[in-house]
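Here is how the chains run, residue by residue.
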Amino acid sequence: MEKVTISIIYLLFAVAETLRGGFFQKPGETRSDMYVELVSTLLLVAVTQPLVLLGGGYVASLVWPEGAGALVGIPILAVIALFLVFDDMMQYWWHRLSHTVPWLYNLHRPHHNAEYLSVRVVYRNNIFYYAMMPGLWFSGALIYLGLGWVYAGYVIVKMTVIIGAHSDARWDAPLYRIKWLSPVMWVVERTISTPATHSAHHGKFADDGVTHYKGNYGNLLFFWDVLFGTAKITRCYPERMGVENLPETSAAEQLLWPLVREPATQVARSQTP
């Protein structure tokens, strides 16, 4: 049921992008972009995510054979806290590490290779990136412990925020213009990811005053960036998106590195200014 709900939310943002100027044709789009996005999205949703969640549960059963359903009945706030820490905070650190360790950046670079923001980019990563993501494995373990009933709702909320933060139909822009909402938005933009804070992470040029490529890593909660000192809040949006100062890469390499390595492409370093 949660996949149906997330799909509807995704489609609503896709329609919003279409109405404001295009979903299938983005500025700077190359011939390979749609291919990379289709393959990575379909593989994640149909194969990788279900297998990793099952794998996380299986590993948990090996570690604690009697643990199935052991956490059923604990307070719902405690359950939400467990998912926020073991899924969302773990994803923050995985994302941050991916911009620090060169070989991990090769797995994450496809997400930034697009010179546009869109819901199309939400699941765009190397096919091995999500298979290794600690948060998914931990979520599988928590489901094994009996918390799947909350995970279904949690993941809907999380993906709504993430989809909205990637869409170029910026839901936060009109709210910033309403003066009496300013204190509310001050709290909102320090709590969850918004189009303004997340687009700064996708900006192409480090010297444009908005781009913050080595920060704004949060997925559901932007609070992790505030807590760990990687937040930059400007309420502005970069004019250009993409990757600066790195060699070109093919669709096959984006999806299948390290199995596919283009001769002209050296091992990518973390983003350089």
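Residues numbered from 1 in each chain as written. Predicted model: local features only at pLDDT ≥ 70, side-chain atom pairs only at ≥ 80, totals over all residues. Heavy atoms only, no water.

**A look at the nonpolar core**
Part 1 of the reasoning: Of all hydrophobic cores here, the largest spans 42 residues; its most connected members are Phe-83, Val-119, Val-122, Leu-136, Tyr-151, Met-159 and Ile-163.
Part 2 of the reasoning: Those elements that provide at least two residues to this core are α1 (2-19), α2 (33-63), α3 (76-98), α4 (102-113) and α5 (134-166).
Part 3 of the reasoning: Discounting chain neighbours no more than four positions away, the residues touching Val-122 are His-111, Tyr-130, Met-159, Ile-162, Ile-163 and His-166.
Part 4 of the reasoning: Counting 5 residues, the second-largest nonpolar core is a separate cluster that includes Ala-173, Tyr-176, Ala-196 and Tyr-237. (Core = buried A, V, L, I, M, F, W, Y, C linked by side-chain atoms within 4.5 Å. Buried < 20%, exposed > 50% of the residue type's maximum accessible area, 1.4 Å probe, protein only. Helix = DSSP H or I, 4+ residues; strand = E, 2+ residues; numbered from the N terminus. Contact = heavy atoms within 4.5 Å.)

**Here's the deal with the side chain of Ser-139**
Part 1 of the reasoning: Position of Ser-139 among the secondary structure elements: in helix α5.
Part 2 of the reasoning: The buried category is assigned to Ser-139, whose relative accessible area is 0%.
Part 3 of the reasoning: With residues near it in sequence (within four places) discarded, Ser-139 still touches Leu-53, Phe-83, Asp-87 and Tyr-151.

**A closer look at helix α8 (residues 195-202)**
Part 1 of the reasoning: The element α8 is extensively covered by neighbouring structure, given that 8 of its 8 residues are classed as buried.
Part 2 of the reasoning: Within α8, the full set of buried residues consists of Pro-195, Ala-196, Thr-197, His-198, Ser-199, Ala-200, His-201 and His-202.
Part 3 of the reasoning: In this fold, the buried residues of α8 make contact with α3, α4, α5 and α6 (173-176).

**Description of the pattern of salt bridges**
Side chains carrying opposite charge are able to pair once their charged atoms draw close together.
Part 1 of the reasoning: In total, this model carries 13 salt bridges according to the counting rule given.
Part 2 of the reasoning: Close ionic contact of Arg-124 with Asp-33 constitutes a salt bridge, the shortest N to O distance being 3.0 Å. Here Arg-124 is found in the loop between α4 and α5, whereas its partner Asp-33 is found in helix α2, with 91 residues between them in sequence. Just as Arg-124 is buried, Asp-33 falls in that class too. (Salt bridge = Lys/Arg side-chain N within 4 Å of Asp/Glu carboxyl O.)

**Description of empty space enclosed by the protein**
The rolling of a water-molecule-sized probe over the atoms marks out the regions of remaining empty space.
Part 1 of the reasoning: Tallied over the entire structure, the rule returns 1 cavity of 30 Å³ or more.
Part 2 of the reasoning: Within this model, the largest cavity holds a volume of roughly 40 Å³.
Part 3 of the reasoning: Lining the largest cavity, in full, are Ser-40, Leu-43, Leu-44, Thr-48, Tyr-123, Asn-125, Asn-126, Ile-127 and Tyr-130.
Part 4 of the reasoning: Classifying every residue of the lining of the largest cavity by side-chain character gives 5 nonpolar, 4 polar and no charged. (1 Å grid on protein atoms, 1.4 Å probe; cavity = no way out; pocket = protein on both sides within 12 Å on 5 of 7 lines; lining within 4 Å. Points joined across faces, edges and corners; volume = space filled by probe spheres on them. Nonpolar A, V, L, I, M, F, W, Y, C, P; charged D, E, K, R; others polar.)

**A closer look at unusual backbone geometry**
Part 1 of the reasoning: Backbone torsion omega between Trp-257 and Pro-258 reads 10°, so that peptide bond is classified as cis.
Part 2 of the reasoning: Among the structural elements, Pro-258 can be located in the segment after α10 (251-256).
Part 3 of the reasoning: At Asn-216, a residue that is not glycine, the phi angle is positive and equals roughly 50°.
Part 4 of the reasoning: Mapped onto the secondary structure, Asn-216 falls in the loop between α8 and α9 (223-228).
Part 5 of the reasoning: Backbone geometry places Asn-245, a non-glycine residue, at a positive phi of 65°.
Part 6 of the reasoning: By the secondary structure assignment, Asn-245 is in the loop between α9 and α10.

**Concerning the packing of aromatic side chains**
Part 1 of the reasoning: Enumeration according to the criterion identifies 14 aromatic pairs in this entry.
Part 2 of the reasoning: With a centroid separation of 5.3 Å and an interplanar angle of 20°, the aromatic rings of Phe-83 and Tyr-154 are classed as stacked. One end of the pair, Phe-83, is in helix α3; the other, Tyr-154, is in helix α5, with 71 residues separating them in the sequence.
Part 3 of the reasoning: Classification of Tyr-154 by relative accessible area gives buried; the value is 8%.
Part 4 of the reasoning: A ring pair is formed by Tyr-92 and Tyr-217, whose centres lie 6.0 Å apart and whose planes are at 75°; its orientation type is edge-to-face. Of the two residues, Tyr-92 is situated in helix α3 and Tyr-217 in the loop between α8 and α9; the sequence distance between them amounts to 125 residues. Here the two residues Tyr-92 and Tyr-217 agree in accessibility, since each one is buried.
Part 5 of the reasoning: Its guanidinium or amino end placed over the ring of Tyr-237, Arg-170 lies 4.1 Å from that ring's centre, counting from NZ or CZ. (Phe/Tyr/Trp six-rings, centres within 6.5 Å; stacked < 30°, edge-to-face > 60°. Lys NZ or Arg CZ within 6 Å of the ring centre and 35° of its normal.)

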